[in-house]
Amino acid sequence: FATPATNGQPSQQLFVTVQQAVAAGSTIAVQYQVPEQRSAIAPQIPLPRVDVNLADDRNAMVVSWWLYAAGWCLAICCPPLCIIPWCATAAWYFCRPSQTRAARVQQ
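Residues numbered from 1 in each chain as written. Predicted model: local features only at pLDDT ≥ 70, side-chain atom pairs only at ≥ 80, totals over all residues. Heavy atoms only, no water.

Student: Would you mind showing me how to read the overall build of the protein here?
Tutor: When helices and strands are counted, the protein shows three helices and zero strands. Going residue by residue from the N terminus, the α and β elements of the protein occur as α-α-α. The proportion of buried residues among the 107 residues of the protein is 11%. Sequence-distant contacts in the protein: of pairs separated by 6 or more residues, those separated by 24 or more amount to 47%. With an accessible surface of roughly 9,200 Å², the protein has 62% of that area assigned to carbon and sulfur atoms. (Helix = DSSP H or I, 4+ residues; strand = E, 2+ residues; numbered from the N terminus. Buried < 20%, exposed > 50% of the residue type's maximum accessible area, 1.4 Å probe, protein only. Contact = heavy atoms within 4.5 Å. Areas by Shrake-Rupley, 256 points an atom, 1.4 Å probe, with all protein chains shown as cover.)

Student: How should the side chain of Ser 64 be read in this particular structure?
Tutor: Within the secondary structure layout, Ser 64 lies in helix H1 (residues 54-77). For Ser 64, a relative accessible area of 12% gives the class buried. Ser 64 has contacts with Thr 89, Trp 92 and Gln 107, leaving out every residue within four places of it along the chain.

Student: I would appreciate a short explanation of the packing of aromatic side chains in the present structure.
Tutor: Note on aromatic pairs: each is described by the distance of the centres and the angle between the planes. Taken as a whole and judged by the stated rule, the model has five aromatic pairs. Relative to Trp 86, the ring of Trp 72 lies with its centre 5.2 Å away and its plane at 65°, an arrangement referred to as edge-to-face. Remark: Trp 86 occurs in helix H2 (residues 83-94) and Trp 72 occurs in helix H1; sequence separation between them is 14 residues. Taking the relative accessible area as the measure of exposure, Trp 72 reaches 45% and is therefore partly exposed. Measuring from ring centre to ring centre gives 4.9 Å for Tyr 93 and Phe 94, while their planes differ by 85°; the resulting arrangement is edge-to-face. The class of Tyr 93 is partly exposed, set by a relative accessible area of 22%. (Phe/Tyr/Trp six-rings, centres within 6.5 Å; stacked < 30°, edge-to-face > 60°.)

Student: Even after reading the chapter, I still don't get the packing of H1 against H2, so can you show me in this structure?
Tutor: Where H1 contacts H2, the two axes come as close as 8 Å, and the packing angle between them is 155°. It follows that H1 is roughly antiparallel to H2 by the angle criterion. Where H1 crosses over H2, the handedness of that crossing is left-handed. Contacts between H1 and H2 involve Ala 60, Val 63, Ser 64, Leu 67, Tyr 68, Ala 70, Gly 71, Trp 72 and Leu 74 on the former and, on the latter, Pro 85, Trp 86, Thr 89 and Trp 92. The residue makeup of the contact of H1 with H2, split by class, is 10 nonpolar, three polar and no charged. (Axes fitted to C-alpha atoms, helices over the stretch in contact; angles between N-to-C directions. Parallel < 35°, antiparallel > 145°, perpendicular 65-115°, else oblique. Left-handed = near helix turned anticlockwise from the far one by under 90°. Nonpolar A, V, L, I, M, F, W, Y, C, P; charged D, E, K, R; others polar.)

Student: In this structure, what is going on with a nonpolar patch on the surface? I would like to understand it.
Tutor: On the surface, a nonpolar cluster with roughly 370 Å² of combined accessible area is contributed by Val 16, Val 18, Val 22, Ile 28 and Val 30. We classify Val 30 as partly exposed; its relative accessible area is 43%. (Patch = residues over 30% accessible without salt bridge, like charges linked within 9 Å, V, L, I, M, F, W, Y side chains within 5 Å. Salt bridge = Lys/Arg side-chain N within 4 Å of Asp/Glu carboxyl O.)

Student: Even after reading the chapter, I still don't get H1, so can you show me in this structure?
Tutor: Given 3.6 residues per turn, any residue in an α-helix points the same way as the ones three and four places further on. End to end, H1 covers 35 Å across 24 residues, agreeing with the expected 34 Å (1.5 Å per residue, within 8%). Every buried residue of H1 is accounted for by Asp 57, Ala 60, Met 61, Ser 64 and Gly 71. (Expected span 1.5 Å × (residues − 1).)

In structure tokens:
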């Protein structure tokens, strides 16, 4: 069926699915809520600015990989100590603000 044209919007084709228990030719009441018309201009929300240069991002990536490798070396030599560099790397990453983490794509 087609919805009525309202608020300057053209009619839309809608389809309704019913259960098999409904007999063919039956009348079905359907409610349709007309969507509100939104203004063409959306309010501008200032985005947070994060200054992360590529060199800092690369340095953080290199340090993270070295700590990861050190953790594996400790896992071979002294397994209980391997958790220290791995936790340090995770804490170093996750203790930063989420905007900084999102800006550092290499780390």
